[in-house]
Amino acid sequence: MTSLVFAPPAPPSLPVLGREARLPLRRVYCIGRNYPWPGDGGAVPEEPFYFMKPADAVCLAEGSLPYPPLTADFCHEIEWVVAIGRHGFEIAPDEALSHVWGYGVGLDLTRRDLQQAAKAVGRPWEGSKAFDACATCTPLRPVSEVGHLRQGAIWLRVNGVMRQQADLVDLLHPVDRLISALSRSVPLHPGDLIYTGTPAGVGPLLPGDRVSGGIDGVGRFELLVASPKA
């Protein structure tokens, strides 16, 4: 057995609705601009593009949501989350859904001011996208129970006011195409999560805000934004 210089942390995982077993997490891929947004002229990117978040930054979408440091523009982005359950590389679109283990509802959380500052000088986005609790997710629901959705309302409210509202049918690149395209860049493995993009209406969150959201047929959540740490 390999000797380690210190005990490793517990592997990140997410609960599965109605089961004791949890799904271990490997990597988190986040797809950019995958819904129509005002002002984009209806253009559809030829290929999906992605960035990544640390797996240990994924937290369960319940209770409080910590307001992160170094930002004054902490933004919500609700997303359909796909959990991969089978290894694949260069997956054909007509085989892609067989690699899905289940689905959830997540938030891609962003320090927008840091992102805009990085964009302005051509720097990477990690400081704006990869921080503690930067991605939430509801308990996962296996395909064996919910099947593969082709449509369903996706929505997010802040303090009861609708901010984001769309339908899964509006995805510019549907799940089978996302999986196929992503697998041409990197092999996919069990435990990988794909955050499939967010509808228009992203906006800032403030301490004390109540955030609720969901996807019909997948799940719902409600969170309270906590005050920044002193």
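Right above here is the structure, for reference.
Residues numbered from 1 in each chain as written. Predicted model: local features only at pLDDT ≥ 70, side-chain atom pairs only at ≥ 80, totals over all residues. Heavy atoms only, no water.

### Brief notes about the overall build of the protein chain
(1) Moving on: Scanning the protein chain from terminus to terminus reveals four helices and 18 strands.
(2) Moving on: Taken over the C-alpha trace, the protein chain has a radius of gyration of 17 Å; the compact-globule value for 230 residues is 17 Å, and the two agree within 12%.
(3) Moving on: The principal-axis extent of the C-alpha atoms belonging to the protein chain is close to 55 × 45 × 40 Å.
(4) Moving on: The buried share among the 230 residues of the protein chain stands at 48%.
(5) Moving on: Looking at the protein chain alone, contacts between residues at least 24 apart form 75% of all its contacts between residues at least 6 apart.
(6) Moving on: Total accessible area on the protein chain is roughly 11400 Å²; 55% of this is exposed by carbon and sulfur atoms.
(7) Moving on: Charge-centre separation for the protein chain: the mean point of 21 positive side chains lies 3 Å from the mean point of 24 negative side chains. (Helix = DSSP H or I, 4+ residues; strand = E, 2+ residues; numbered from the N terminus. Rg over C-alpha atoms; globule rule 2.2 N^0.38 Å. Buried < 20%, exposed > 50% of the residue type's maximum accessible area, 1.4 Å probe, protein only. Contact = heavy atoms within 4.5 Å. Areas by Shrake-Rupley, 256 points an atom, 1.4 Å probe, with all protein chains shown as cover. Lys, Arg positive; Asp, Glu negative; His and termini not counted. Charge placed at Lys NZ, Arg CZ, Asp CG, Glu CD.)

### Brief notes about the sheet that holds strand 18 (residues 219-225)
(1) Moving on: Overall, mixed pairing links the five strands, which are arranged 6-18-17-13-14 in an open sheet. The open sheet terminates on both sides in strands that have one partner only, identified here as strand 6 (64-65) and strand 14 (161-167).
(2) Moving on: Direction of pairing for strand 13 (residues 153-158) relative to strand 14: antiparallel, over a ladder of six bridges. If you follow alanine 153 over to strand 14, its bridge partner there is aspartate 167. (Pairing = 2+ DSSP bridges.)

### Regarding the sheet that holds strand 10 (residues 110-111)
The pairing of strands in a sheet happens through backbone hydrogen bonds and is either parallel or antiparallel.
(1) Moving on: Read from one edge of the open sheet, three strands run 10-7-16, paired in antiparallel fashion. In the strand order of this sheet, the two ends are held by strand 10 and strand 16 (203-205), each with one partner.
(2) Moving on: Sheet topology places strand 7 (residues 74-76) next to strand 16; three bridges connect them, and they run antiparallel. The residue bridging phenylalanine 74 from the neighbouring strand is leucine 205, located in strand 16.

### Description of helix 1 (residues 112-120)
(1) Moving on: Those residues of helix 1 not exposed but buried are Arg112, Gln115 and Ala118. All buried residues of helix 1 lie within an arc of 125° about the axis, which places them on one face of the element.
(2) Moving on: Looking at the packing, one finds that the buried side of helix 1 touches strand 7, strand 10 and helix 2 (126-129).
(3) Moving on: One or two residues past the end of helix 1 sits glycine 122, with phi positive at roughly 70°. (Arc of directions from axis to C-beta.)

### Remarks on the nonpolar core
(1) Moving on: Core analysis: the biggest nonpolar cluster contains 45 residues, and Trp80, Val82, Val100, Tyr103, Ile179, Leu205 and Phe221 have the highest contact counts within it.
(2) Moving on: Secondary structure elements with two or more residues in this core: strand 3 (28-31), strand 8 (78-84), strand 9 (100-108), strand 13, helix 4 (175-185), strand 17 (210-215) and strand 18.
(3) Moving on: Formed by 16 residues, the second largest nonpolar core is a distinct cluster that contains Leu23, Cys137, Leu193 and Tyr195. (Core = buried A, V, L, I, M, F, W, Y, C linked by side-chain atoms within 4.5 Å.)

### With respect to the pairing of strand 18
(1) Moving on: Alternating residues of strand 18 divide into Gly219, Phe221, Leu223 and Val225, all buried, and Arg220, Glu222 and Leu224, none buried.
(2) Moving on: Two elements, strand 6 and strand 18, share two bridges in a ladder whose sense is parallel. The partner of leucine 65 across the bridge, within strand 18, is valine 225.
(3) Moving on: Looking at chain direction, strand 17 and strand 18 are connected through six bridges and run antiparallel. From the neighbouring strand, serine 212 faces strand 18, where its bridge partner is glutamate 222.
(4) Moving on: Counting the residues between successive antiparallel strands, the hairpin from strand 17 to strand 18 contains three residues, one of them, glycine 217, with a positive phi of roughly 85°.

### A short note on the pattern of salt bridges
(1) Moving on: Counted by the stated rule, this structure contains eight salt bridges.
(2) Moving on: In this structure, aspartate 108 and lysine 53 form a salt bridge, with 3.0 Å as the shortest nitrogen-oxygen distance. Of this pair, aspartate 108 sits in strand 9 while lysine 53 sits in strand 4 (residues 50-53), and the two are 55 residues apart along the sequence.
(3) Moving on: Accessibility expressed as a relative area gives 1% for aspartate 108, which makes it buried.
(4) Moving on: Owing to a relative accessible area of 4%, lysine 53 belongs among the buried residues under this scheme.
(5) Moving on: Across the pair glutamate 77 and lysine 129 runs a salt bridge whose closest N-O atoms are separated by 3.3 Å. Taken together, the residues span a long stretch of sequence, with glutamate 77 in the loop between strand 7 and strand 8 and lysine 129 in helix 2 at a distance of 52 residues. The residues glutamate 77 and lysine 129 share a single accessibility class, namely buried.
(6) Moving on: One continuous salt-bridge network, built from bridges that share partners, spans Lys53, Glu77, Asp108, Arg112 and Lys129. (Salt bridge = Lys/Arg side-chain N within 4 Å of Asp/Glu carboxyl O.)

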